[in-house]
Amino acid sequence: MEEKKFVKVNGKEYAEKGIASGQFSPVVAVKFTRIAARPGVVGEQVITYTQNGEVEKVATVQEGQYVVTKLSETGEVVVDEFGHTNDWVMDAAVLAKKYELDPTKEGVYQPKGVQQVFVPIVMDVILEQWGGEMQIEAGGWLNITDENDIYGISERDFNDTYRLATDIDYKKVLKR
């Protein structure tokens, strides 16, 4: 099997050029997936995996961060075909902005349902995000909602996290 060649890109420039050229048509989506979140232990290593089972990112928990695990629509921990859970590190402020505690389940958070804007990732890329580099394969998506927090998400994670919204002008959702 041929080894993938990831290209380092600036997310903002990548999106702007793709939209300007007509290569990308932004879509609006709404997050539906619940998460389990617990305060992280400073120094704890959290590994996020690609949809092919390879290491996508290794993050070290800092003060005030949570370890977050994706849950299925039925509330079960999402485990991929390689046996990996879908875990990542999130700042407490981001958790509070994007999620609220589910009153029916301890430690479970539900999304606040905020509309978000995405453009497709059409090649294997490396993005600088949240204090580290992350590899995202072609087929993933770049969240461009907030120009100060542009980040990528794999195709698998997009599909089991978001639902496309229809009849919404993406320009009304962008935070510029």
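Values in this document were obtained by computation on a predicted structure and should not be read as measured data.

**Some thoughts on the sheet that holds strand β6 (residues 65–70)**
No. 1: Read across the sheet, five strands follow the order β7-β6-β3-β9-β8 without closing on themselves; strand pairing throughout is antiparallel. On the outer flanks of this sheet lie β7 (87–91) and β8 (99–101), each paired with one strand and no other. Ignoring which end each strand starts from, the neighbouring axes of this sheet average 40 degrees apart.
No. 2: Of the strand pairs in this sheet, β8 and strand β9 (residues 108–111) are connected by three bridges, and their pairing is antiparallel. Along β9, the bridge assignment pairs Glu-100 with Gln-110.

**Some remarks on the layout of surface pockets**
No. 1: Taken as a whole, the largest pocket spans an internal volume of roughly 630 Å³.
No. 2: Taken together, 34 residues form the lining of the largest pocket, with Trp-88, Val-89, Met-90, Gln-129 and Trp-130 sitting closest to its centre.
No. 3: Mapped by element, the contributors of at least two residues to the lining of the largest pocket are β4 (45–49), β5 (55–60), β6, β7, α2 (92–98), β12 (132–136) and β14 (151–153).
No. 4: It is β5 that provides the largest number of residues to the lining of the largest pocket, a total of five residues.

**Some points on the confidence of the model for the chain**
No. 1: When pLDDT is averaged along the chain, the result is 87, and 97% of the positions lie at 70 or above.
No. 2: Model confidence for the chain, summarised as mean pLDDT per element, is weakest for β12 at 81 and strongest for strand β3 (residues 35–39) at 95.

**Quick look at the sheet that holds strand β15 (residues 162–164)**
No. 1: One open sheet accounts for five strands, arranged β14-β13-β10-β2-β15; its pairing is antiparallel. The sheet is open, and its two borders are formed by β14 and β15, each paired with just one other strand. Across the sheet, the mean angle separating the axes of adjacent strands is 40 degrees when strand polarity is ignored.
No. 2: As paired strands, strand β2 (residues 27–31) and β15 are joined by three bridges and run antiparallel to one another. Bridging from a neighbouring strand, Lys-31 pairs with Tyr-162 of β15.

**A closer look at the packing of aromatic side chains**
Pairs of aromatic rings are described using the distance from one ring centre to the other and the angle between the two planes.
No. 1: Tallied over the full model, the rule gives five aromatic pairs.
No. 2: Ring plane angle 40 degrees and centroid distance 5.1 Å describe the contact between Tyr-14 and Phe-24, whose orientation is recorded as tilted. Residue Tyr-14 is found in helix α1 (residues 11–21), and its partner Phe-24 is found in the loop between α1 and β2; the two are separated by ten residues along the sequence.
No. 3: For Tyr-14, a relative accessible area of 12% corresponds to the buried category.
No. 4: Members of the aromatic cluster, joined through ring pairs, are Phe-118, Trp-141, Phe-158 and Tyr-162.

Procedures and definitions
Residues numbered from 1 in each chain as written. Predicted model: local features only at pLDDT ≥ 70, side-chain atom pairs only at ≥ 80, totals over all residues. Heavy atoms only, no water. Pairing = 2+ DSSP bridges. Helix = DSSP H or I, 4+ residues; strand = E, 2+ residues; numbered from the N terminus. Axes fitted to C-alpha atoms, helices over the stretch in contact; angles between N-to-C directions. 1 Å grid on protein atoms, 1.4 Å probe; cavity = no way out; pocket = protein on both sides within 12 Å on 5 of 7 lines; lining within 4 Å. Points joined across faces, edges and corners; volume = space filled by probe spheres on them. pLDDT = per-residue confidence, 0-100. Phe/Tyr/Trp six-rings, centres within 6.5 Å; stacked < 30°, edge-to-face > 60°. Buried < 20%, exposed > 50% of the residue type's maximum accessible area, 1.4 Å probe, protein only.

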